[in-house]
Every structure is written in C-alpha cells, then in structure tokens.
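Working through the structure, step by step
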Amino acid sequence: MPVTISPGKNVLADWRDIYWGQPFGLDGAAHASIAAGAAAVDAIIQAGAPVYGINTGFGKLASVRISDDNLARLQRNLVLSHSVGVGDYLAPQIVRLIGALKIASLSHGASGARLATLQMIEKLVALGLTPAVPAQGSVGASGDLAPLAHFVAAMMGEGEFLLDGKAVPAMGVLLENGIEPLALSPKEGLALLNGTQVSTGLALAGLFEIERAFHSALITGALSLDGAKGTDVPFDARIHALRPHPGQIDVANTYRSFTVGSAIRESRGDYSKVQDPYCLRCMPQVMGACLDAMRHAGGILTIEARSVSDNPLIFSNGEVLSGGNFHAEPVAFAADHLALVAVEIGSMSERRSSLLLDTSLSGLPPFLTADAGLNSGLMMGQITAAALTSENKQKATPAVIDTIPTSANQEDHVSMATHGARRLLSMAQNTQTIVAIELITAGQACDFHKPLTCSQPLERARASLRSVVAHLDEDRRQAPDIAAALKLVRDGTLIEAVGREFFPEI
C-alpha cells in the first residue's frame with residue numbers, strides 16, 4: 001500500500017518504507033490547510049506591509065523592500081542564486097526521500113506554498129524523474145539551501161534531471177513528460193529552499209542502512225559464537241534484569257533465540273573456557289547500546305521529518321513569525337550518534353572475525369583453512385575488515401561541534417548536519433561490508449563443526465550464505481565472495497532468511 005503523507009502524523013516506518021521504494025501520496029485532508037496558507041500570503045501582499053521573504057530581501061538583505069511587480073522575480077532569483085552545489089549528485093533513492101519530506105513539511109500550510117507545487121513534486125517522483133542535486137554545499141542552517149535550490153531549479157526547468165546517471169537539462173525533460181515548468185509564487189521559493197529535508201533525508205537513509213547492518217550483525221555474531229563454541233550464559237535474562245537498558249534486554253533476547261537448539265553449542269559440555277572474549281560475551285551490552293542510540297536518533301528524525309522547518313511561518317490567524325526552525329542542530333546530533341553506532345557495530349564484527357581466524361583463541365585451523373601454509377584461507381578478509389573499521393573511526397568525529405559563520409555573519413552558528421548525515425552512507429556501507437566478511441568467516445568456522453548444526457534460524461542464515469558463497473576448500477579470489485555476501489546484508493535477504501520476527505525494532 002502507498003504511504004500516505006499526513007501533516008505531523010507520519011512515523012519512522014513510513015519513511016523507511018519510502019526509502020526502500022514504497023510509493024507515497026499526499027493526504028487529501030491536507031488540501032484545505034495548504035490552500036489557507038497560500039491565501040494568507042496573497043492577503044499579506046494585498047495589505048502591503050513588509051514581511052520577510054515575501055516582499056523583502058533575504059538574509060543580510062532582509063531590510064530591502066521589494067516592489068509588488070518584482071515579487072515573482074525575487075523568488076526566481078533566490079533559487080538561481082542559491083544553486084551553488086558541488087560534488088557528486090545524490091542518489092535517486094535519496095532525492096526521492098527528500099521530495100517526500102518536503103511535501104510533509106509544506107503540507108502543514110504554514111509555509112505558504114500552493115497545493116499545485118506539492119502535487120508537482122509528487123508527480124515527478126511518481127514518474128521517476130530525479131532532480132540532479134549536488135551533494136555538497138550546505139552547512140545545515142538556514143535550511144539546506146544549495147541542494148534544495150538545485151531540486152527546485154529542476155522543477156522550474158532551469159536545472160537538470162538525472163537520466164541513466166547523467167544530468168540532462170530540465171526543460172526538455174519536463175516538456176517531454178507533459179509537465180509545465182514551475183512558476184514560483186510569492187514566498188514559494190523561500191518555502192522550498194528553507195528547510196532541513198536534505199539533512200534529514202540523508203540521516204534517515206543512514207539510519208536505515210545502519211539498521212540493516214545492525215540486524216545482520218546480530219546474525220553473524222550468533223554464528224561466530226557457534227563457530228567459536230562460545231557460551232550462551234551471558235545472554236541469561238537474569239543478568240540483564242539487573243542492568244535494564246531496553247536495548248541490552250532486547251538484544252539478549254535475540255541472542256537467546258538464536259542459540260536455542262544449537263547442536264554446536266550443546267556439544268561444549270563442560271568446556272574449560274568459561275568466559276569468552278568481550279566481542280562475544282558483551283554483545284548484548286555493546287549492541288544493546290547501539291540499539292538504544294539508533295532508537296534515540298530515530299525519534300529525533302521522526303519529529304524532524306514531520307515538522308515545518310522553513311522561515312518565516314504563517315499561522316491560521318494570518319500572523320507571520322520569523323524563527324529558526326531551519327537550524328538543523330537536532331539532525332546533526334542524531335547523525336553524530338549514528339556515526340558512533342556504525343563504528344561500534346563494525347568494530348565488534350571485525351574483532352569476532354579476527355578471533356575465529358586465530359587458532360590460539362578459536363581452536364580452529366589457522367585462518368580457517370585445512371591446509372594452512374599452502375593456503376592463506378580467510379586471512380586477507382579480516383585485513384579488509386580492519387581497514388574499513390579504521391576508516392569508519394576516522395569519519396566518526398562529531399560534525400556538530402564545527403561551525404563557520406556565513407552570510408556576512410548573519411548566520412553565525414551553523415549545524416554542519418548535511419555532511420554529518422551524508423558521511424553515514426559510506427560508513428554504513430563499510431559496516432555492512434565488515435559484517436559480510438564476518439558472515440563468510442563465521443560460516444566457514446561453523447563448517448568445521450560438521451555434522452553438528454546451529455539453531456534453525458542460523459541454519460537458514462548459513463543456507464542463504466551457501467547459496468551464493470561456497471565453502472573455501474582452497475585459495476581463490478575472495479572479492480566476488482565478499483560482494484555476494486554484502487548483497488545478502490544490504491538488500492535484507494539475510495534478515496528475511498532468518499525471519500524478521502527475531503529482530504528488535506528501532
């Protein structure tokens with residue numbers, strides 16, 4: 001079913017569904033409030049009083065009064081002058097989410113945008129037409145001005161759309177699809193450019209990609225536990241009841257469900273190793289903290305996604321108030337939390353892979369190969385995981401603590417939320433790859449315990465892995481294996497194979 005965008009009502013699951021490709025549409029109940037907001041702008045113009053962004057300049061030029069016959073040109077100039085983005089274009093999946101978030105913000109009617117403008121965004125998305133939006137150029141305050149300007153410029157026929165990965169002039173694309181270029185009404189350009197939708201969209205995308213890595217790492221952690229013949233005692237509910245962080249409790253529950261019925265675990269007997277290394281023993285505590293942090297970030301981003309974040313704001317009594325909802329500080333904090341989560345998931349996963357390869361710790365053949373020396377086995381995969389783990393650590397420095405004044409010191413404190421959120425995508429991919437390497441490593445380790453088997457959920461995970469990656473009998477190129485395992489993680493196939501009912505919700 002399509003996701004319905006309703007003012008102030010959408011939940012995190014709605015944005016997740018949209019990110020992963022679900023269609024969406026504006027709630028018809030929002031039409032009246034949108035029309036009322038646009039009518040309020042018309043009334044302000046008729047009254048003739050100076051109101052920021054409607055009949056004045058912008059930023060440091062807010063004291064300059066603009067004549068009525070130049071109001072449409074003012075909005076057009078705003079979009080053109082702010083189209084200064086640089087760098088690679090944002091992926092269509094991200095731009096699509098940004099469009100949905102912009103509709104959600106404008107649907108409150110507090111921005112003064114016309115219904116037809118929101119419907120144009122909806123139509124472009126439905127047709128698969130993606131504005132070419134450069135990724136760099138926003139400091140995350142006064143809204144994501146530059147990237148949103150490129151989004152709107154495409155709607156006006158002045159920018160570009162992405163077709164087959166290439167930027168092509170927007171005017172021709174619009175006309176070929178029977179769409180009239182957008183002619184901005186007073187305040188509409190400002191309403192479209194002011195807002196945190198790019199920062200929020202990037203942060204939500206990062207959250208959803210990290211979520212895939214998190215759930216997959218719960219699986220690979222349990223497989224590594226079986227591969228190392230580790231103990232399930234650290235998952236005992238009584239331990240976690242005495243330190244009742246919700247994420248810790250939920251993660252311990254998941255690990256308990258993954259160990260029930262494992263013949264490998266039961267074969268431990270009175271195994272002398274009563275305490276496993278922390279990367280196994282402390283999975284509920286570390287992964288639980290990650291879960292709590294993701295839930296916290298998800299709550300912030302849910303509020304932001306259903307908020308109005310432009311300026312000035314128009315209220316039902318016709319009053320217009322200037323504030324600072326465009327400042328993306330909440331998004332920046334959420335993005336920084338998620339960066340830490342990406343690092344910790346990957347760090348724990350890499351340590352578990354290393355443990356399994358170390359015969360002195362695992363009791364398994366060196367580097368999980370039966371003919372060590374002649375074969376290097378899985379030695380090099382762990383080195384790749386280590387490289388990606390370290391790269392993520394370097395990227396995790398908080399972005400929110402940095403600020404550079406802009407606009408002649410009018411905008412003297414900025415959030416840096418946009419690139420703080422954008423880095424999450426590369427960090428998430430690194431973490432997913434680290435987890436994919438652990439999946440290969442843990443699967444190989446469990447193979448050495450045949451004919452003993454894991455629990456039923458984990459056996460389904462092993463079957464999913466073996467459908468695309470064969471057991472390593474002798475050395476071969478492993479980059480294709482890593483790519484195949486990464487696809488299982490990234491597209492959710494591994495999670496679906498095990499069963500979504502096992503995983504705690506974000």
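Thresholds, definitions, all that
Residues numbered from 1 in each chain as written. Predicted model: local features only at pLDDT ≥ 70, side-chain atom pairs only at ≥ 80, totals over all residues. Heavy atoms only, no water. Helix = DSSP H or I, 4+ residues; strand = E, 2+ residues; numbered from the N terminus. Expected span 1.5 Å × (residues − 1). Buried < 20%, exposed > 50% of the residue type's maximum accessible area, 1.4 Å probe, protein only. Contact = heavy atoms within 4.5 Å. Pairing = 2+ DSSP bridges. Polar contact = N/O pair within 3.5 Å; in protein donor to acceptor, adjacent residues only side chain to side chain.

Let's talk about helix α20 (residues 479–490)
A rise of 1.5 Å per residue sets the reference length of α20, with its 12 residues, at 16 Å; its end C-alpha atoms lie 16 Å apart and thus fit the reference within 8%. Among the residues of α20, Asp481, Ile482, Ala484, Ala485, Leu486, Leu488 and Val489 are the ones counted as buried. Packed against the buried residues of α20 are α9 (197–227), α18 (417–447), α19 (456–466) and α21 (493–498). A positive phi of about 85 degrees marks Gly492, the residue just after α20.

Considerations on unusual backbone geometry
Residue Pro312 is reached from Asn311 by a cis peptide bond, and omega for that bond is -5 degrees. Mapped onto the fold, Pro312 is located in the loop between α14 (283–305) and β8 (313–314). Going from Lys450 to Pro451, the amide bond is cis rather than trans, its omega being 10 degrees. Following the sequence through the fold, Pro451 ends up in the loop between α18 and α19. Its identity is not glycine, yet Asn409 carries a phi of approximately 70 degrees, on the positive side. When you line up the elements, Asn409 lands in the loop between α17 (379–395) and α18.

A closer look at the sheet that holds strand β6 (residues 160–163)
Taken together, 3 strands build an open sheet; the order of strands is β4-β6-β7 and the sheet is antiparallel. Each end of this open sheet is capped by a strand with a single partner; those strands are β4 (130–131) and β7 (166–169). Note: β4 against β6, 2 bridges, orientation antiparallel. Residue pairing across strands places Pro131 opposite Phe161, the latter belonging to β6.

Some remarks on the environment of Arg65
Secondary-structure assignment places Arg65 in the loop between α2 (31–47) and α3 (71–81). Taking relative accessible area as the criterion, Arg65 reaches 40% and is therefore assigned partly exposed. The spacing of Arg65 and Asp292 is 227 residues in sequence and 49 Å in space, taken between C-alpha atoms. Setting aside its immediate chain neighbours within four residues, Arg65 contacts Gly48, Pro50 and Asn55. Of the polar contacts made by the side chain of Arg65, one reaches the backbone oxygen of Gly48; its length is 2.7 Å.

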